[in-house]
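The chain contents come next:
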Amino acid sequence: MAILPSPLSSQKNTRTVGRGSQSVFLILFTLLMTSGIGARLAYLQIIEGPKLRQRAESNRIRMIPKQPERGNIFDRNGKLLATTRYPRSVHLWPMAHTKPSWSVVGPRLSQILDIPQEEMEKKLIEAGANSSSLIRIARDLNDAQVTALKEYETELTDVEINTEAVRHYPDGRQLAHILGYTRELTAEQLKKRKSEGYRLGDVIGQMGVEKAYEKTLRGEWGGQQVEVDGAGRPLRVLGEKQAKAGNDLHLTIDLDIQKAAEKALGKRNGAIVALNPNNGEVLAMVSHPTYDPNIFSKQKLSQKDWESVQGAEHPLVNRALSAFPPASTFKIVTTTAGIESGKFSPNVVLQTYGSLTIGGTRFGEWNHAGFGPLGFVGAMQWSSDTFFYQIGKGVGGHKLIEWTRKYGFGEKTGFDFSTEEAKGLVPDENWKRKVWKMPWTVGDSINMSIGQGALQTTPLQVAVMFAVPANGGYRVQPHLIKDNGDAQNWRESLNMKPITIKILREGLRKVVSEGTGKALNKPNIPPVAGKSGTAEAWKGRAKQNHAWFGAYAPADKPEILIVAFAEHSGGGGGSVAAPMILEIMEEYFARKYPGKYKTGDR
């Protein structure tokens, strides 16, 4: 029986998978993918491994910064001027506002702290959710606030109450313009200072010593290395780096003299500067109106606080470093220029008048009568304007301006507060053509000869001027940091003739003993040398004059120099400013030499 062939057996085999190059392709593709994955794993583990491990660690381990304590500030005798107090503050983690619990925490904190919830959220958002720093929400908690936070601590998750270092000024207003103040960084300041390690909420010196010596006082941040869970909650402390406190500063300021100067100036607008004329140490610097620097340590200033520093009288302005016309105190420079130029003999005698007419302009004498014939000493004694007009005219603008600049006018003194100190103005030919579109005239030299015209100087610059005759011809650099260094490091010789210095000292002594400064000729202080000044002020306050007086003592061997300036006082230097200096000198010499200077006629 024949076997019939199966229909399937007659079909052609059509299988193609695995034939030809397909199997090779699949093998190569598989090998390629495996190699790529392996290479990627090797890259991630070997090349990127350390970075990825560090990133993973940063998610698990965080550094909680610890603020350093700011350095203390002391006066020359070790009396505390600025220190630290430790108020209680509320801190939150930056991611707090993103958690479900924030719907409870936020409103409750806002209620207890009296801070808008939006204000807290803004701070947390600015810090960034991944920030490892706790963010301060409120400072200076009172007892009622601390009690309320404790009562609601079960619902106030992740809210921390900590103490922190805050600046404190024991004498408040009396040293405001010397010490300055600290305040939280503004957004603009933070942007500039981030590279220096500053953080959101940091405080920084904003004026005075606090600003000038920020790097010295600030210290170095420390912190705790903390392990956190997936939600960012701290689990345990892994390690700690102690914060390094800032360095202390010892100033040249004498707190007793500072307080005496503050009392002497009283409620008058103006400034008082006291120096050691031999080395430029600043013993006191007072400016009024003043302010309380402690208000800037508050979390938020009240309307009253803002008004106290933003008034029309500009209490934040340090008038000791602001520029005004120096008036007749400037006759020290005119005398120097007259003798040093060789245009006038040290023994010259000139007739004085009720007025002089020069170039068609009448220049008056302050007493409207003149003083008869005078030499340099007598002209200084009576502050004769017409005498010094003749000196200024004879010397000429060029030589007068040259000596004005040698005395340090028209430039900063080198004092510690470089950003706060005014340069003042020494007008010259170029300045006048540029500003007034006119050439320099003899009238400009005459105005400058008595410290008027466009000339502008600061009380500190005027103190530097008085130091020249006081110390025998040296221009000092005023400074605040006590270094006990040689006086030579802080002064330079003006190379003046001995006769010039002699005449200046005799003239300044005569001012007090027999002239316009008799208010300082008292037996309970040593002999004083000085000079008054009354500056015309044509703007503001119904044209009331500024009053100046500069003086040093003892006249033969000076150890203290004081310049008093009363802004728009309306009186003369001898009647308004000299009594301020007397008050300070009485306190200084009675304290330093008790019983040495007795009452009685001199």
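Cut-off values and rules
- Residues numbered from 1 in each chain as written.
- Predicted model: local features only at pLDDT ≥ 70, side-chain atom pairs only at ≥ 80, totals over all residues.
- Heavy atoms only, no water.
- UniProt positions renumbered as here; feature names shortened; annotations may be inferred.
- Patch = residues over 30% accessible without salt bridge, like charges linked within 9 Å, V, L, I, M, F, W, Y side chains within 5 Å.
- Areas by Shrake-Rupley, 256 points an atom, 1.4 Å probe, with all protein chains shown as cover.
- Salt bridge = Lys/Arg side-chain N within 4 Å of Asp/Glu carboxyl O.
- Helix = DSSP H or I, 4+ residues; strand = E, 2+ residues; numbered from the N terminus.
- Buried < 20%, exposed > 50% of the residue type's maximum accessible area, 1.4 Å probe, protein only.
- Pairing = 2+ DSSP bridges.
- Axes fitted to C-alpha atoms, helices over the stretch in contact; angles between N-to-C directions.
- Contact = heavy atoms within 4.5 Å.
- Parallel < 35°, antiparallel > 145°, perpendicular 65-115°, else oblique.
- Left-handed = near helix turned anticlockwise from the far one by under 90°.
- Nonpolar A, V, L, I, M, F, W, Y, C, P; charged D, E, K, R; others polar.
- Phe/Tyr/Trp six-rings, centres within 6.5 Å; stacked < 30°, edge-to-face > 60°.
- Lys NZ or Arg CZ within 6 Å of the ring centre and 35° of its normal.

The protein goes by Penicillin-binding protein 2 in an unreviewed UniProt entry, where it is assigned to Anabaena sphaerica FACHB-251. Under Sequence similarities (unreviewed entry), UniProt gives the following word-for-word description of the protein: "Belongs to the transpeptidase family."

A. Structural view of a nonpolar patch on the surface. A grouping of Val24, Ile27, Leu28 and Leu31 is seen on the molecular surface, where their side chains present a nonpolar patch of about 390 Å² in accessible area. Along the chain, Leu31 falls in helix 1 (residues 22–47). Here Leu31 falls in the exposed class, since its relative accessible area comes to 51%.

B. Structural context of the sheet that holds strand 12 (residues 249–250). Across the sheet, which stays open at both edges, the 4 strands sit in the order 7-3-2-12 with mixed pairing between neighbours. Lying at the two open borders of the sheet, with one neighbouring strand each, are strand 7 (166–168) and strand 12. Two strands pair when backbone bridges link them, and strand 2 (residues 73–74) and strand 12 are joined in this way by 2 bridges, in the parallel orientation. Residue pairing in the sheet places Phe74 in a bridge with His250 of strand 12.

C. Fine view of the sheet that holds strand 14 (residues 282–288). The strand order across the open sheet built from 5 strands is 14-13-23-22-21, with neighbouring strands paired in antiparallel fashion. Looking at which strands have only one partner, the edges of the open sheet turn out to be strand 14 and strand 21 (529–535). In this sheet, neighbouring strand axes are inclined to one another by 5 degrees on average, regardless of whether the strands run parallel or antiparallel. This element, helix 19 (residues 498–514), spans strand 21 and strand 22 (546–553) of the sheet and lies at about 75 degrees to strand 21.

D. Layout of the packing of helix 14 (residues 385–395) against helix 17 (residues 442–449). The interhelical angle for the contact between helix 14 and helix 17, taken along N-to-C directions, is 130 degrees, at an axis separation of 8 Å. Considering their axes alone, helix 14 and helix 17 lie oblique with respect to each other. Like other packed secondary-structure pairs, helix 14 and helix 17 cross with a definite hand, here right-handed. In this structure, helix 14 contributes Phe388, Tyr389, Gly392 and Lys393 to the contact, and helix 17 contributes Val442, Ser445, Ile446 and Ser449. A per-class count over the contact of helix 14 with helix 17 returns 4 nonpolar, 3 polar and 1 charged.

E. Representation of the pattern of salt bridges. Enumeration according to the criterion identifies 27 salt bridges in this entry. Each of Lys79, Asp254, Asp256, Glu587 and Arg591 takes part in salt bridges that share partners, so that together they form one network.

F. The side chain of Thr335, seen in detail. Relative to the helices and strands, Thr335 is located in helix 12 (residues 331–340). Thr335 sits in the buried class, given a relative accessible area of 1%.

G. Seen up close, the packing of aromatic side chains. As enumerated under the stated definition, the model contains 17 aromatic pairs in all. Aromatic side chains Trp366 and Phe371 sit 5.7 Å apart centroid to centroid with 45 degrees between the ring planes, which places their arrangement in the tilted category. Every member of this aromatic cluster is reached through a ring pair, and the members are Tyr588, Phe589, Tyr593 and Tyr597. We note Arg108 situated over the ring of Tyr152; from NZ or CZ to the ring centre the distance is 3.9 Å.

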